[in-house]
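Breakdown of the fold
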Amino acid sequence: MNVHKMFANQDGRRAFMVTAMLAGLVVLTGCESQADDQGNAEQGPPPPQVSVAQVLVEDVELWDAFTGRIEAVETVDLRPRVSGYIESVNYTEGQEVEKGEVLFTIDPRPYRAELERAEAELQRAQARAELARSEAARAEALAQSRSISREELDQRRAASATAEADILAARAIAETARLNMEFTEVRAPIAGRAGRALVTPGNLVSEASPLTRIVALDRVHVHFHSDELAYLHYDAMARNGSQASFREGGIPVRVGLANDEDYPYRGEVDFVDNRLDAEAGTILTRAVLDNSEGRFAPGMYARVQLLAGSAEDTLLIDDKAVLTDQDRKYVYVVDEEGRAMRRDVQLGRMADGLRVVAAGLEPGDQVVVNGAQRIFFPGMPVAAESVDMRGQAEGGNELAATH
């Protein structure tokens, strides 16, 4: 019996058994690892949290937005009516003045002297006329007795008529001198705010010299330009009777200044120009605003909204919910199973801080207004939290503020 061969066979069987055991351990370990991985995969990450709001259905007023400028209703570039040297400036620059208030005084002495001379000439003419009337009366009496010739009578009558005409001429000259004397006091022709004085005492001025500018402040105008399509739209509404005529005025406007977030001031259209600017394709429109509080100053920038009509049962959403895919606009709507589904939408204008939806949504749809960036594909499960649609438009919530 070969002992060496027997021991060699036993060693081979031991090696085979060890190898088989190791292989079994590897297989078991692999199975456990695959089971663990499969369990983790089945759990997955939690669905993202989003805020949803129900589509609003409301009757809304539609407004068109424009930019414009505040202008004074009345503006006067004050100039003197007579020439002379400025004697005094009688107002504080920038103050409000009343109609008829004396703002500048021109040296009146030359005009006072001219007035006195004209009044003296008037008295002289009146005296000559009195004498001529007396002579004409005596001539009439003498003519009855044929004591004077017909020729002399005619001369007396002509002299009397000439003297009466001289009175009229002298009276006109005296009235002109009186007016010139009054014009040495330069008065405010309107009530308003006076600008800076363009001349100081001692300067010579003439009828062409500007003294200051006065602007009325009780009311102001807002000038803005509307485009041709807007003009045609308003004209069509006036023709079908859905709104007052653009040219008859009375169409409401809302105005906001540069530091206003909203449009807190109210006015109405009072003028539309009679032609469109062919180069710009716009037409000048003007509205009037109350300025009794002195809030507006000419030249201010103004944001203007013009009432463009109204619509019933309009769908409204927060503009932050709208996403863009190339040339398409869409939103995510959460269905009953908690999945975010894409909806392509057609949008209209803004109305009271919300966006009008012309097509693509239905009343009752739950639209994702915050957290849409966490949705990676349509149909993705989400954890929806209900919020108010209008509250989102007015300021949002913490979720919106942090993302």
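Note that the coordinates shown come from a computational prediction; the quantities given were computed from them, not determined experimentally. (Residues numbered from 1 in each chain as written. Predicted model: local features only at pLDDT ≥ 70, side-chain atom pairs only at ≥ 80, totals over all residues. Heavy atoms only, no water.)

1. Concerning the overall build of the protein chain
As a reminder, the rule being used: We count a stretch as a helix when DSSP gives it H or I for four or more residues in a row; a strand needs E for two or more, and each element gets its number in order from the N terminus. Buried residues are those whose accessible area, probed at 1.4 Å on protein chains only, stays under 20% of the maximum for their type, while exposed residues exceed 50% and partly exposed ones sit between those limits. All accessibility values rest on the Shrake-Rupley procedure with a 1.4 Å probe; residue burial counts only the protein chains present in the view.
For the protein chain, the helix and strand inventory stands at six helices and 22 strands. With 403 residues in all, the protein chain has 34% of them scored as buried. For the protein chain, the accessible area works out to roughly 24400 Å², and carbon and sulfur atoms hold 50% of it.

2. Some remarks on helix α4 (residues 228-239)
Spelled out, the test is: Helices are assigned an expected span. That span is 1.5 Å times one less than the residue count. In this description, one arc is meant: the one made by directions from the helix axis to the C-beta atoms. The contact criterion used throughout is that any non-hydrogen atoms of two residues lie within 4.5 Å. Any N or O atom pair separated by 3.5 Å or less is treated as a polar contact, with the protein-specific requirement of one donor-capable and one acceptor-capable atom, and with residues adjacent in sequence counted only for side-chain atom pairs.
Taking 1.5 Å per residue as the helical rise, α4 with its 12 residues ought to reach 16 Å, and the 16 Å between its terminal C-alpha atoms agrees with that figure. Along α4, the residues classified as buried are Ala230, Tyr231, Tyr234 and Met237. All buried residues of α4 fall inside an arc of 125° around its axis, so they share one side. Seen from the buried face of α4, the exposed residues on the opposite side, beyond 90 degrees, are Leu229 and Arg239. Close packing links the buried residues of α4 with β2 (56-72), β11 (219-227), β13 (265-272), β14 (282-290) and β15 (301-317). Between a side-chain oxygen at the N-terminus of α4 and the backbone nitrogen of Leu229 the separation is 3.0 Å; the capping residue is Asp227. Gly241 sits one or two residues past α4 and shows a positive phi near 80°.

3. Remarks on the sheet that holds strand β6 (residues 102-106)
Backbone hydrogen bonds hold the strands of a sheet together, and the pairing may be parallel or antiparallel. Selection rule: The pairing criterion for strands is at least two bridges between them, as found by DSSP.
With respect to topology, four strands assemble into an open sheet ordered β7-β6-β4-β9, the strand pairing being antiparallel. Among the strands making up the open sheet, the edge pair consists of β7 (185-187) and β9 (204-205). Direction of pairing for strand β4 (residues 84-89) relative to β6: antiparallel, over a ladder of three bridges. Paired with Ser88 across the strands is Thr105, a residue of β6.

4. What to know about the pairing of β2
As paired elements, β2 and β15 share 13 bridges and run antiparallel to each other. Within β15, the residue paired with Arg69 across the bridge is Tyr301.

5. Some points on the nonpolar core
Stated formally: As used here, the term nonpolar core means buried Ala, Val, Leu, Ile, Met, Phe, Trp, Tyr and Cys residues forming a set that is joined through side-chain atoms within 4.5 Å.
Judged by nonpolar contacts, the single largest core of 26 residues is most densely connected at Val222, Phe224, Val253, Val255, Phe296 and Leu306. Within the residue set of this core, elements represented by two or more residues are β2, β11, α4, β12 (252-257), β13, β14 and β15. By residue number, the principal contributor to this core is β15, which donates five residues. Other than its neighbours up to four places away in sequence, Phe296 contacts Ile70, Leu217, Val220, Leu257, Tyr265, Leu289, Asp290 and Asn291.

6. Quick look at the sheet that holds strand β10 (residues 212-215)
Strand order in the open sheet made by the four strands is β3-β10-β8-β5, with antiparallel pairing throughout. Pairing within the sheet leaves two strands with one partner each, and these edge strands are β3 (75-78) and β5 (96-97). In this structure, strand β8 (residues 192-194) lies alongside β10, joined through two bridges in antiparallel fashion. Bridging from a neighbouring strand, Arg193 pairs with Val215 of β10.

7. What to know about unusual backbone geometry
Positive phi values are uncommon outside glycine, yet Arg146 reaches one of about 60°. With respect to the secondary-structure elements, Arg146 resides in the loop between α2 (109-144) and α3 (150-183).

8. Considerations on the side chain of Asp365
By the secondary structure assignment, Asp365 is in the loop between β19 (354-359) and β20 (366-370). Among the residues examined, Asp365 registers a relative accessible area of 11% and is labelled buried. Only 2.9 Å separates the side chain of Asp365 from the side chain of Arg343, close enough to count as a polar contact. One polar contact links the side chain of Asp365 to the main-chain amide nitrogen of Glu362, over a distance of 2.8 Å.

9. Points about α2
Between its terminal C-alpha atoms α2 stretches 53 Å, which fits the 52 Å expected from 36 residues at 1.5 Å a residue. Listed as buried for α2 are Tyr111, Leu115, Ala118, Leu122, Ala125, Ala129, Ala132, Ala136 and Ala139. Contacts from the buried residues of α2 go to α3. Directly beyond the C-terminal end of α2, a positive phi value near 60° is found at Arg146.

10. Structural notes on the pattern of salt bridges
Convention followed: Here, a salt bridge means any side-chain nitrogen of Lys or Arg that lies within 4 Å of a carboxyl oxygen of Asp or Glu.
Within the structure shown, the criterion is met by 25 salt bridges. Measuring nitrogen to oxygen at the nearest pair gives 2.6 Å for the salt bridge that ties Lys320 to Asp318. You can call Asp318 buried: its relative accessible area is 3%. In the salt-bridge network here, residues are joined through shared partners; they are Asp325, Arg328, Arg342 and Asp344.

11. Let's talk about the packing of aromatic side chains
Describing an aromatic ring pair means giving the distance of the ring centres and the angle of the ring planes. Our working rule: Ring geometry is summarised as follows: Phe, Tyr and Trp rings, the Trp one being its six-membered ring, pair when their centres sit within 6.5 Å, and such pairs are stacked at plane angles under 30 degrees, edge-to-face over 60 and tilted between the two.
Taken as a whole and judged by the stated rule, the model has four aromatic pairs. Seen from their ring centres, Tyr91 and Phe104 are 5.7 Å apart, and the 70° between their planes marks the pair as edge-to-face. On the criterion of sequence distance, the pair formed by Tyr91 in the loop between β4 and β5 and Phe104 in strand β6 is long-range, its members being 13 residues apart. Measuring from centroid to centroid gives 5.7 Å for Tyr330 and Tyr332, while their planes differ by 90°, and the two rings are edge-to-face.

12. Some points on the environment of Asp273
Along the chain, the position of Asp273 falls in the loop between β13 and β14. Asp273 has contacts with Arg247, Ile283 and Leu284, leaving out every residue within four places of it along the chain.

13. What to know about the confidence of the model for the protein chain
Formally: One number per residue, pLDDT, summarises how confident the predictor is, and it ranges from 0 to 100.
Of the residues in the protein chain, 85% reach a pLDDT of 70 or more, and the chain-wide mean stands at 84. When the criterion is pLDDT under 50, residues 1-10 qualifies, and its contacts beyond four places in sequence or with other chains add up to one contact.

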